Amino acid sequence: MTGQGVVWLGSPSFPEAAREALKDSQLRANLKRATGTIRDKRLAVASELDDWEALREAGAAIKKRTARHLDRYLVQLEESVTAAGGTVHWAADAGEANRIVAELVRATGEREVVKIKSMATQEIGLNEHLAEQGITAYETDLAELIVQLGDDRPSHILVPAIHKNRTEIRDLFTAEMGHWGQPAPDGLGDDPAELAEAARRHLRSKFLTAKVAVSGANFACADSGTVVIVESEGNGRMCLTLPETLITVMGIEKVVPTWSDLEVFLQLLPRSSTGERMNPYTSTWTGTTDGDGPSAFHLILLDNGRTDTLADEVGRQALACIRCSACLNVCPVFERTGGHAYGSVYPGPIGAVLTPQLVGVENAASLPFASTLCGACYDACPVKIDIPEVLAHLRAKVVESKGRTPEALAMKAAATVLDSPRLLGAAQKAASVGGRALARNGRIGRMPGPLAGWSDSRDTPAPPAESFRTWWRKNRETE
Amino acid sequence: MRIALFITCFNDTMFPETGRAVVTVLERLGHTVEFPQEQTCCGQMHFNTGYRPDAVPLVARFARTFGDYDAVVTPSASCAGMVRENHPRLAEEYSPPALVRQVAELVPRVHEFTEFLTDVLGVTDVGASFPHKVAYHPTCHSLRGLRLGDRPERLLRAVKDLELVDIPSADSCCGFGGTFAVKNADTSAAMLADKNAAVLDSGAEVLCAADNSCLMHIGGGLSRQGATVRTMHLAEILAATEGAV
Ligand code: SF4
């Protein structure tokens, strides 16, 4: 964990981590199958709506307006939540948020909490912090459970265990479930229904005994103070209704101005994420209600680098993200490397632009370069975040933060050559002579130095004897 | 109409035959092409790798060199995209208002080659003949950057005796991405392997595209594999006539 508290960054740079991941052919097969399936489903349900593009525009516009007046909407949210019987806490960073949650749990006298999938709590490393305080957090989302039992890290926003296939999951259940509660039944098979049933039984006892729950939030409406969670399994519904105390940790960018704005997002989100028209479970709650649901509700508003991100006019787009994961599923880089290579809770294209901003570009310098700028993420994003634009923008910041590297000097030299037709002509002549000397049958094979990676898998044509400009001068200008 | 060819520094150095093909096609259609020798590079490599200030003089040079032409034609979707998207951005960010104006006036006159043929000249049949099985690879910059749509395929379908075949998952990135192929060589190679398998699956003899950079990457991979599929810029196919190839 870094000082600023985005979990597990500080692992190797992207190219190194990717190299390891690429060796795992099982991982690549798992990823290809899973992302391919979701990708097709998403395209099918998005194309059902003839106003899909208008919805994307609307989503982007709402997010833009919210970002512009974020301070105002957050204060309004605090007022609404308080008026409805909840308590709002402001956390500047991971440490503060973790402290607040731990204190709230301790005040209830409990030592166990159930959790519904929350990226914000992963971002701040809440489970680890609670464990240090003697409090056990039980993940109740199936994929999160798999990750937790495997002492693993999530590798996808929506499908955290996308890197595992069902045989691997069966083995994990059999070996680990007993340590966390109800063990897996004897002779467990790897049929998805059987696995789900084993998880359901394992979790049931937790739901029925837990007095405290921790959740994330997909949205929070400033006008009504309503917090919203959408999910597929119903575990969220259990966590949000059964316990006595509910603690929600939410990034400050999750606020939307009004309840009616949900109309847009509840169409965009499920279609973009799971390829469904509607989420199976949509839970909304407004403060507390006597005799119904938790009697105490705490909302923790987490900054952790977000206001700094907001200050960057290009980079702030990343805060519009509704965590649908569509960009991950269409990303050709993610499809090959998986999420762990990104070294962050936020993998894939959105991770490559969000993580460096949350932790500072110098701490995640390889991430903005982990893309070919192919643009597939931009086309898929339901709120039209121009991820390639932000990537290029952050690359410039990385370069600036590093100063005079050999690469910077080479780029300077190249710029000088390219700004002069005469120098360019001379360089072309040199490249032609040098390249042809290296070539065999017109092709250059393996090259040393920084080009070794390139030439490991590709031949390069030898530059021709004559550049276009020379040809033109000889053949056209004398006419 | 005064037409200038922007060859791009990469094509100028590595693929002059593509530039000659553009000239051939445009002359066959009755146009005169000029090649201002002051031209160099659009600054894409510097911009995309994070060296934005270094790209600014190149933006200014581009505006100076091509400012007087009615149309600037380039056989590179990615460089056309660079000019269209990022020259205005760089001018705004780093330069005096004069350049901002100059760039804004010039940008609508800059066209990628297939766009120029179909949209500006209004032709799809350029009088070419190419009796081969050809696959078209939509590079990311032509597909999602410039949104060329089916313009290249329309042009190819009008070529006499050419058989157009499909590449499976044609729209997936080949893994080039400029310096990405060097900085993230392993991931790039994994993407390339899938692309090459798809190209071989298509049964094409020739693979074409609107960007020589991606073609060099794919062709380099095919050559390393010992495959016989040839890579050619689309302009070269459109320049081919009976008996020539
Ligand atoms: S960036 Fe866009 S596509 Fe990616 S997860 Fe966020 S909302 Fe979804």
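This structure is a prediction, so every number in the text was calculated from the model and none was measured. (Residues numbered from 1 in each chain as written. Chains lettered and ligands numbered in written order. Predicted model: local features only at pLDDT ≥ 70, side-chain atom pairs only at ≥ 80, totals over all residues. Heavy atoms only, no water.)

### Section: the overall build of chain A
So, step 1. What chain A contains, in helices and strands, is 22 helices and 12 strands.
So, step 2. The C-alpha atoms of chain A give a radius of gyration of 26 Å, which matches the 23 Å a tight globule of 479 residues would have.
So, step 3. When the backbone C-alpha atoms are referred to their principal axes, chain A occupies close to 95 × 55 × 45 Å.
So, step 4. When burial is assessed residue by residue, chain A has 56% of its 479 residues classed as buried.
So, step 5. Sequence-distant contacts in chain A: of pairs separated by 6 or more residues, those separated by 24 or more amount to 75%. (Helix = DSSP H or I, 4+ residues; strand = E, 2+ residues; numbered from the N terminus. Rg over C-alpha atoms; globule rule 2.2 N^0.38 Å. Buried < 20%, exposed > 50% of the residue type's maximum accessible area, 1.4 Å probe, protein only. Contact = heavy atoms within 4.5 Å.)

### Brief notes about the UniProt feature "domain: LUD" (unreviewed entry) in chain A
So, step 1. Under the local residue numbering, the UniProt record ascribes the feature "domain: LUD" (unreviewed entry) to residues 76–288 of chain A.
So, step 2. End C-alpha to end C-alpha, residues 76–288 of chain A measures 18 Å, and it is 45% helix and 19% strand. (UniProt positions renumbered as here; feature names shortened; annotations may be inferred.)

### Some thoughts on the domain arrangement of chain A
So, step 1. Parsing chain A into structural domains produces domain 1 (14–306) and domain 2 (406–477).
So, step 2. For domain 1 of chain A and domain 2 of chain A, the distance between their C-alpha centroids amounts to 52 Å. (Domains from an automatic or database assignment.)

### Describing helix α2 (residues 16–28) of chain B
Residues and elements named next belong to chain B.
So, step 1. Spanning 13 residues, α2 covers 18 Å between terminal C-alpha atoms, matching the ideal 18 Å at 1.5 Å per step.
So, step 2. Every buried residue of α2 is accounted for by P16, T18, G19, A21, V22, V23, V25 and L26.
So, step 3. Note on α2: the residue one or two positions beyond its end, G30, has a positive phi of about 95°. (Expected span 1.5 Å × (residues − 1).)

### Quick word on the environment of A:E466
So, step 1. Mapped onto the fold, A:E466 is located in the loop between β12 (460–461) and α22 (468–475).
So, step 2. In this structure A:E466 comes out as partly exposed when scored by relative accessible area, which is 23%.
So, step 3. Excluding anything up to four places from it in sequence, A:E466 contacts A:W471, A:K474 and B:P16.
So, step 4. Here the side chain of A:E466 touches A:K474 through a polar contact of 2.6 Å, side chain to side chain. (Polar contact = N/O pair within 3.5 Å; in protein donor to acceptor, adjacent residues only side chain to side chain.)

### Here's the deal with the site of the ligand
So, step 1. Close to the ligand lie 13 residues; A:C321, A:C324, A:S325, A:C327 and A:C381 are nearest.
So, step 2. Under a 2 Å grid-point criterion requiring more than half of the atoms, the pocket assigned to the ligand is the second largest cavity. (Near = heavy atom within 4 Å. 1 Å grid on protein atoms, 1.4 Å probe; cavity = no way out; pocket = protein on both sides within 12 Å on 5 of 7 lines; lining within 4 Å. Sits in = over half its atoms within 2 Å of the grid points.)

### Observations concerning the pairing of strand β8 (residues 230–233) of chain B
For a regular strand, side chains alternate in direction, first toward one face of the sheet and then toward the other.
All names here are of chain B.
So, step 1. Bridging between strand β7 (residues 206–209) and β8 involves 4 bridges; their strand directions are parallel. Residue pairing across strands places L207 opposite T231, the latter belonging to β8.
So, step 2. Regarding the hand of the β-α-β motif, the stretch spanning β7, helix α12 (residues 212–225) and β8 is right-handed. (Pairing = 2+ DSSP bridges. Right-handed = clockwise from strand over helix to strand, strands pointing away.)

### Some thoughts on the state of the cysteines
So, step 1. Per the stated rule, a full pass over the model turns up 0 disulfides over all chains.
So, step 2. You can see B:C173 has no disulfide; the closest cysteine sulfur is in B:C140, sitting 3.8 Å from it. (Disulfide = S-S within 2.5 Å.)

### Observations concerning the UniProt feature "domain: Cysteine-rich" (unreviewed entry) in chain B
All names here are of chain B.
So, step 1. Taken from the UniProt record, the annotation "domain: Cysteine-rich" (unreviewed entry) applies to residues 3–83 and 134–218.
So, step 2. Strand forms 11% of residues 3–83 and helix 58%; the C-alpha atoms that close the span are 17 Å apart.
So, step 3. For residues 134–218, the end-to-end C-alpha separation is 15 Å, with 49% helix and 12% strand making up the annotated structure.

### Some thoughts on the side chain of A:H156
Residues and elements named next belong to chain A.
So, step 1. When you line up the elements, H156 lands in the loop between α8 (142–149) and α9 (166–180).
So, step 2. Judged by its relative accessible area of 2%, H156 is buried.
So, step 3. Within the structure, H156 has its side chain in polar contact with the side chain of N329 (distance 2.8 Å).
So, step 4. Beyond its immediate chain neighbours, meaning those up to four positions away, H156 contacts I162, S325, L328, N329, F334 and P347.

### A closer look at the UniProt feature "domain: Lactate utilization protein B C-terminal" (unreviewed entry) in chain A
So, step 1. Cross-referencing UniProt, the feature "domain: Lactate utilization protein B C-terminal" (unreviewed entry) maps to residues 400–475 of chain A in the present numbering.
So, step 2. Span residues 400–475 of chain A is 63% helix and 5% strand, its end C-alpha atoms 44 Å apart.

### Topic: the domain arrangement of chain B
Residues and elements named next belong to chain B.
So, step 1. Domain annotation for chain B reports domain 1 (3–120) and domain 2 (133–239).
So, step 2. Spacing between the C-alpha centres of domain 1 and domain 2 amounts to 22 Å.
So, step 3. Contacts between domain 1 and domain 2 engage 27 residues on the former and 22 residues on the latter.
So, step 4. Carbon and sulfur atoms make up 66% of the area that domain 1 and domain 2 hide from each other, which totals about 1900 Å².
So, step 5. Together, A77, T114 and T118 form the three largest contributors to the area buried by domain 1 at its contact with domain 2, with a combined 23%.
So, step 6. The shortest N-O distance in the salt bridge between D119 and R151 comes to 3.0 Å.
So, step 7. The interface formed by domain 1 and domain 2 includes 12 residue pairs in polar contact (both at pLDDT 80 or more). (Buried area = accessible area lost by both parts, 1.4 Å probe. Salt bridge = Lys/Arg side-chain N within 4 Å of Asp/Glu carboxyl O.)

### Things to note about the pairing of strand β7 (residues 245–251) of chain A
Residue and element names in this part refer to chain A.
So, step 1. Counting buried residues in β7 gives 7 out of 7 residues, a clear majority hidden from the surface.
So, step 2. Residue alternation in β7 divides its side chains into two sets, T245, I247, V249 and G251 and L246, T248 and M250, and both sets are buried.
So, step 3. In this structure, strand β4 (residues 212–215) lies alongside β7, joined through 4 bridges in parallel fashion. Considered in β7, the bridge of A213 is made with L246.
So, step 4. Across 7 bridges, the pairing between β7 and strand β10 (residues 296–302) is parallel. Residue pairing in the sheet places T245 in a bridge with A296 of β10.

### With respect to the packing of helix α4 (residues 52–66) of chain B against helix α6 (residues 97–106) of chain B
All names here are of chain B.
So, step 1. Axis separation between α4 and α6 bottoms out at 10 Å; the angle between their running directions is 60°. When the axis of α4 is compared with that of α6, the two are oblique. With respect to the hand of their crossing, α4 and α6 are arranged in left-handed fashion. Of the residues in α6, those in contact with V59, A60, F62, A63, R64 and F66 of α4 are L99, Q102, V103 and L106.
So, step 2. By residue class, the composition of the contact of α4 with α6 is 8 nonpolar, 1 polar and 1 charged. (Axes fitted to C-alpha atoms, helices over the stretch in contact; angles between N-to-C directions. Parallel < 35°, antiparallel > 145°, perpendicular 65-115°, else oblique. Left-handed = near helix turned anticlockwise from the far one by under 90°. Nonpolar A, V, L, I, M, F, W, Y, C, P; charged D, E, K, R; others polar.)

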